[in-house]
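# A look at the structure
Residue-level listing of the chains:
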Amino acid sequence: MPYEHSSIDPTRPSIARVYDYLLGGKDNYAADRAVGDVFKRDLPGSVAIAFANRGALTRAVREIATTTGIRQFIDLGSGLPTADNVHQVAQRHAPDSRVVYADIDPQVLVHGRALLENDHRTRVVAVDVRNPEAVRTHPDTIELIDFDRPVAVILSAILHHVNDDEDPAGIVRYWRDHVPSGSYFFLSHFRSGNNAETAEAEKVLQQTFGRGRWRTDAEIASLLEGLEILDPGIVPASLWRPDETGGACDVGERQQLTVWEHLIAAALARKI
């Protein structure tokens, strides 16, 4: 994870840019594509992880915006802008929604701020998600988010990039303790399959970035300790409240997930 003062280095792969490449984006360099191509070439089908995760995120934000009355979102480790970002989904269903993105990848900051230049309900803050206090107290966060009212905290595909010694559970606990009852937490996370695919994918990320931690369902649940995990619980992202029509995992295909689709889990939880 680069720091705020870092400049963009096209010779070193970036987690955000590799994700962008796997999702079909154009904000990446040869170094990022080289890593992405390892997944595409040597781990065929693994790209489904990125798409399954993105689909679950879109459905979760839509559900929060349409059923909970929440109008403020904090997206931690948001990554590069792509189709159906959190603010786009939320504001499509609830135009008065306010969104704060937190990331420290320099390219994420450049692109995010350019995209949101004229959007007064959305901000991008250059703060490391491992420093939740700095995210919460950032002037842009304070300007948009009223912490006396429920907040949706988005932890989409970020905590598996936080190593155990960096206390990922502590990050969630901080937000749990600093948002009011009625707040929601969406979490997606690499899910250990205890198989060759898990081991190989984890090896690629660890060798490239020094991070990328697959966790069991029990370990993922422990990250949400103190929160009520809502139905259907912690499940493969493709099975998290799938749409009845459209997409790669419709009703007739829900029990035919690939081994890769089983390796990304999603959950929605609520602070009571």
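To be clear, the structure that these remarks concern was listed above.
Here is a short report on the structure shown in this document. (Residues numbered from 1 in each chain as written. Predicted model: local features only at pLDDT ≥ 70, side-chain atom pairs only at ≥ 80, totals over all residues. Heavy atoms only, no water.)

## Let's talk about the packing of helix α3 (residues 48–67) against helix α4 (residues 86–93)
Their axes nearest at 9 Å, the elements α3 and α4 cross at an angle of 35°. Here α3 runs over α4; the crossing is right-handed. Contacts between α3 and α4 involve Leu57, Thr58, Val61, Arg62, Ala65 and Thr66 on the former and, on the latter, Val86, Val89, Ala90 and His93. (Axes fitted to C-alpha atoms, helices over the stretch in contact; angles between N-to-C directions. Helix = DSSP H or I, 4+ residues; strand = E, 2+ residues; numbered from the N terminus. Left-handed = near helix turned anticlockwise from the far one by under 90°. Contact = heavy atoms within 4.5 Å.)

## A short note on unusual backbone geometry
With the exception of glycine, most residues fall at negative phi, and the peptide bonds are largely trans. Cis geometry is found at the peptide bond from Asp231 to Pro232, where omega equals 5°. The phi dihedral of Asn194 is positive, around 50°, even though this residue is not glycine. One can find Asn194 in the loop between β5 (184–190) and α9 (196–209). For Arg241, which is not glycine, the phi dihedral falls at a positive 45°. Within the secondary structure, Arg241 sits in the loop between β7 (235–236) and β8 (264–270).

## A few points about the nonpolar core
Grouped together as the largest cluster of nonpolar side chains are 47 residues, with contacts concentrated most on Phe39, Val61, Ile64, Phe73, Val86, Phe186 and Leu268. Broken down by element, the residue count for this core peaks at nine residues, all from α3. Once residues within four sequence positions are removed from consideration, Phe186 is found in contact with Ala56, Leu57, Ala60, Val153, Ile154, Leu155, Ser156, Ala266, Ala267 and Leu268. Within the second largest apolar cluster, 32 residues are counted, among which are Val135, Leu144, Val172 and Phe185. (Core = buried A, V, L, I, M, F, W, Y, C linked by side-chain atoms within 4.5 Å. Buried < 20%, exposed > 50% of the residue type's maximum accessible area, 1.4 Å probe, protein only.)

## Things to note about α9
Look at α9: 20 Å from first C-alpha to last across 14 residues, which is about the 20 Å you get at 1.5 Å a residue. Those residues of α9 lying buried are Thr198, Ala201, Val204, Leu205 and Phe209. Seen along its axis, α9 keeps its buried residues to an arc of 135°; they face one direction. Facing away from the buried side of α9 by over 90 degrees, the exposed positions are Ala196 and Gln207. Just downstream of α9 lies Gly210, where phi reads positive at about 75°. (Expected span 1.5 Å × (residues − 1). Arc of directions from axis to C-beta.)

## Here we look at the side chain of Arg17
With respect to the helices and strands, the residue Arg17 is situated in helix α1 (residues 15–22). Classification of Arg17 by relative accessible area gives buried; the value is 3%. Within the local environment of Arg17, its side chain forms a polar contact with the backbone oxygen of Arg12, the two atoms lying 2.7 Å apart. (Polar contact = N/O pair within 3.5 Å; in protein donor to acceptor, adjacent residues only side chain to side chain.)

## Here we look at the environment of Phe186
Along the chain, Phe186 turns up in strand β5. Between the C-alpha atom of Phe186 and that of Leu155, which follows or precedes it by 31 residues, the distance is 5.9 Å.

## Digging into the packing of aromatic side chains
Within the structure shown, the criterion is met by four aromatic pairs. Residues Phe186 and Trp240 carry aromatic rings whose centres are separated by 6.1 Å and whose planes lie at 70° to one another, so their mutual orientation is edge-to-face. Here the residue Phe186 occupies a position in strand β5, and Trp240 occupies one in the loop between β7 and β8, the gap between them amounting to 54 residues. The residues Phe186 and Trp240 share a single accessibility class, namely buried. Between the aromatic rings of Phe190 and Trp214, the centroid separation amounts to 4.1 Å while the plane-to-plane angle is 20°, which identifies the pairing as stacked. Of the two residues, Phe190 is situated in strand β5 and Trp214 in the loop between α9 and α10 (217–223); the sequence distance between them amounts to 24 residues. Take Phe190: its relative accessible area is 5%, and that puts it in the buried class. (Phe/Tyr/Trp six-rings, centres within 6.5 Å; stacked < 30°, edge-to-face > 60°.)

## Observations concerning the pattern of salt bridges
Under the counting rule described, the total for this entry stands at 16 salt bridges. Ionic pairing is found between Glu63 and Arg241, a salt bridge with its closest N-O pair at 2.0 Å. In this pair, Glu63 sits in helix α3 while Arg241 sits in the loop between β7 and β8, placing the two residues 178 residues apart along the sequence. What makes Arg241 partly exposed here is its relative accessible area of 23%. Linked through salt bridges whose partners overlap, the residues forming this network are Asp128, Arg130, Glu166 and Arg211. (Salt bridge = Lys/Arg side-chain N within 4 Å of Asp/Glu carboxyl O.)

## Thoughts on the environment of Asp27
Topologically, Asp27 is positioned in the loop between α1 and α2 (30–42). Sequence-wise, Asp27 and Arg17 are ten residues apart; in three dimensions their C-alpha atoms are separated by 6.4 Å.

## Section: the pairing of strand β1 (residues 72–76)
The element β1 is largely enclosed, with a buried count of five among its five residues. Side chains of β1 alternate between two faces, with Gln72, Ile74 and Leu76 and Phe73 and Asp75 buried alike. Pairing geometry for β1 and strand β4 (residues 152–156), over three bridges, is parallel. Across the sheet, the residue bridging to Asp75 is Ile154, located in β4. (Pairing = 2+ DSSP bridges.)

Everything listed here is a matter of coordinates, which is why it stays silent on function.
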